[in-house]
Amino acid sequence: MQHVFKLLRKINSSLYVAALALAIPNAGAQQTDEASQNHVAVILPLKSEALGRQADAVRQGVLQAAAANKQGLPVIVHATSDDAKEIQAAYERATNEGARAVIGPLSRSAVTALAVGGQIKVPTLALNTPEGDLIMPRHFYVFGLQVDTEARQLARVAAKKGLKRAFIVTAETPVSSRIAQAFKEEWQARGGSVAEEFAYNADPAVLSKLKERPQATNADIVLLALDSSRAKIARPYIGGAIPVFATSLAYNSNDPLENFELDGVMFLDMPWLLLPDHAAAVTYSRALPFASLEIQRFFALGIDAYRIVQELINPFLKIDEEPLDGVTGLILRGENQRFVRELTPADFHNGIARALADTAYR
């Protein structure tokens, strides 16, 4: 039966991608002759089976922001697969057709390929970080939903609360390793120490050690460098004596019953999800009200990507002087042409995610 469900999901995903490729061969908002000479090009893997849904959410967010900005440039969307050569060709075509700026690509491998091999002709806002310690080429900027920056902010928030010794629960996944590493670097730079790194295992005999290990190591904070499913399993073993922190990966549902096991966990997420009355968020309609939280995050990413690009093509880059109050967070210009987000602190109370009264970013 499980095999049948997997097959159905694969078929549904393939049908979605096929329909999307037919619906958006090379389409965008306000695609006129004038737009083709003076526009923002958006290059997204809309034909990708793995990233098609996320890419389409970004696309809708970009178009939502473009429609709300009467003075901004129109948009032309270029649908691609995951193939690096196809993405490079789309970039060449977009810039040759008069794009004043480019948003995309989305996948980490495509961002790396474009940054390393492409001739970056106009301000280009990639929506992921390149692999390795790469110095960004001129006109090439990075913005995205990286958990690394969340982990660093968690370390700053915890240090601000006077916490000193961290007990870190990790899983054998690349994302978990990135969370733990980023947290440790920021944490230790601020004088914190790591009491222990505990390898997550779903075996109850292993998890039962979480009842005693944090206190036995004199830890005063537990970091769950885990996704939501693992965090929900590990959390009850820890108890309530020590503060527990997590990234936005822990928050993947608005159902209080699904989040009940996470009660008391402090995490970070974007105003779009936590502060519906936020000044930036109320400007845009909720075009995907029934979508998953993951898809809504990508929709918000598209909104802020368009807003950042409008700044990049401005001869006077205001975002260098003051942060942009975005729907994905407070956006600041970081090092090496990266834009970083400061998120809203929140916690789970009776299974409900709520922004904390102290919503200071730092």
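Position numbers for residues count from 1 along each chain, tracking the sequence in the order it is written. Thresholds applied to this predicted model are a pLDDT of at least 70 for local features of residues and 80 or more for the giving and counting of side-chain atom pairs; totals over whole chains, interfaces and linings are not thresholded and use all residues. Hydrogens and water are ignored here; the side-chain numbers use all heavy atoms of the structure.

1. Brief notes about the packing of helix α4 (residues 84-96) against helix α5 (residues 108-117)
Viewed as axis vectors pointing N to C, α4 and α5 meet at an angle of 55 degrees, and their least axial separation amounts to 10 Å. As summarised for this structure, α4 and α5 are arranged oblique, according to the angle between their axes. In terms of crossing hand, the pair formed by α4 and α5 is right-handed. Every residue of α5 that contacts α4 at Ala84, Ile87, Gln88 and Tyr91 is listed here: Ala110, Ala113, Leu114 and Gly117. Note on geometry: axes are C-alpha line fits, over the in-contact stretch for helices, and angles between N-to-C directions span 0 to 180 degrees. Secondary structure follows DSSP: runs of H or I at least 4 residues long count as helices, runs of E at least 2 residues long count as strands, and numbering of each begins at the N terminus. Angles are sorted into four bins: roughly parallel if under 35 degrees, roughly antiparallel if over 145, roughly perpendicular if 65 to 115, and oblique for all others. Note on convention: near helix rotated counterclockwise from far helix by under a right angle means a left-handed crossing. Clockwise means right-handed. By definition in these notes, contact holds between two residues if any of their heavy atoms fall within 4.5 Å.

2. Focus: the packing of aromatic side chains
Note on aromatic pairs: the rings of Phe, Tyr and Trp (six-membered ring only in Trp) are paired at centre separations within 6.5 Å, and the planes decide the class, stacked below 30 degrees, edge-to-face beyond 60, tilted for the rest. In the structure shown here, the tally under the stated rule is 7 aromatic pairs. Measuring from centroid to centroid gives 6.0 Å for tyrosine 141 and phenylalanine 339, while their planes differ by 35 degrees, and the two rings are tilted. Of this pair, tyrosine 141 sits in strand β5 (residues 140-142) while phenylalanine 339 sits in strand β13 (residues 339-342), and the two are 198 residues apart along the sequence. Each member of the pair, tyrosine 141 as well as phenylalanine 339, is classed as buried. Residues tyrosine 251 and phenylalanine 348 carry aromatic rings whose centres are separated by 5.9 Å and whose planes lie at 75 degrees to one another, so their mutual orientation is edge-to-face. Highlighted residues: tyrosine 251 in the loop between β9 (244-246) and α11 (256-259) and phenylalanine 348 in strand β14 (residues 344-349), separated in sequence by 97 residues. Burial here depends on accessible area, computed with a 1.4 Å probe over protein chains only, as a share of the maximum for the residue type. Under 20% is buried, over 50% is exposed, and the range in between is partly exposed.

3. Side note on the sheet that holds strand β12 (residues 330-333)
At least two DSSP bridges between two strands are required for those strands to pair. Strand order in the open sheet formed by 3 strands is β11-β12-β13, with antiparallel pairing between adjacent strands. Two strands in the sheet have a free side with no partner beyond their single neighbour: β11 (324-325) and β13. Pairing geometry for β12 and β13, over 4 bridges, is antiparallel. Each bridged residue has a counterpart across the sheet, and for isoleucine 331 the counterpart in β13 is arginine 341.

4. So, the sheet that holds strand β2 (residues 75-79)
Taken together, the 5 strands give an open sheet; going across it, the order is β2-β1-β3-β4-β5, and neighbouring strands pair in parallel fashion. This sheet does not close on itself; its edge strands, each paired only once, are β2 and β5. Mean inter-strand twist for the sheet, computed between neighbouring axes without regard to direction, equals 25 degrees. With 3 bridges joining them, strand β4 (residues 124-126) and β5 adopt parallel strand pairing.

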